[in-house]
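# Geometric and topological summary
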Amino acid sequence: MILKGILFIFGVLVIGFLFLVNNAMSKPLYNKIHNVWEEDPEGKKYANLTLIIMLFIAFFIGLMF
């Protein structure tokens, strides 16, 4: 029971960290040379990957309880 609690807290912390990474990677980048905001396809790819990882972690936490 204590192990489940520790894993739950760790899972919530990891999901929170991945949420921050996803938020940072999905924002557009500022191009100083052309003075415009540009979308970053590489950042979008990693943002989608972190969303998938977050879903898997949430699914396994749900299976645990």
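Our structure is the block above this text.
Thresholds applied
Residues numbered from 1 in each chain as written. Predicted model: local features only at pLDDT ≥ 70, side-chain atom pairs only at ≥ 80, totals over all residues. Heavy atoms only, no water. Helix = DSSP H or I, 4+ residues; strand = E, 2+ residues; numbered from the N terminus. Contact = heavy atoms within 4.5 Å. Phe/Tyr/Trp six-rings, centres within 6.5 Å; stacked < 30°, edge-to-face > 60°. Lys NZ or Arg CZ within 6 Å of the ring centre and 35° of its normal. Expected span 1.5 Å × (residues − 1). Buried < 20%, exposed > 50% of the residue type's maximum accessible area, 1.4 Å probe, protein only. Salt bridge = Lys/Arg side-chain N within 4 Å of Asp/Glu carboxyl O.

### Topic: the environment of M54
Examined against the element boundaries, M54 turns out to sit in helix α2 (residues 41–64). Residues contacting M54, with those up to four places away along its chain left out, are I15, L18 and F19.

### As for the packing of aromatic side chains
Two measures describe an aromatic ring pair: the distance that separates the ring centres and the angle between the ring planes. The final tally for this structure, using the stated rule, is three aromatic pairs. An angle of 55° between the planes, with centres 5.1 Å apart, marks the rings of Y30 and W37 as tilted. The ring of Y46 carries K45 above its face, with NZ or CZ at 5.2 Å from the centroid.

### Comments concerning α2
Relative to the 34 Å expected for 24 residues at 1.5 Å per residue, α2 spans 35 Å between its end C-alpha atoms, a close match to the ideal helical length. Along α2, the residues that are buried comprise G43, A47, T50, M54 and I61. In this structure, the buried side of α2 is in contact with α1 (2–25).

### Thoughts on the pattern of salt bridges
All told, the structure shown has two salt bridges when counted by the stated rule. Where E42 meets K45, a salt bridge forms, and the shortest distance between an N and an O atom there is 3.4 Å. One end of the pair is E42 and the other is K45, both in helix α2 and three residues apart, which spans about a single turn.

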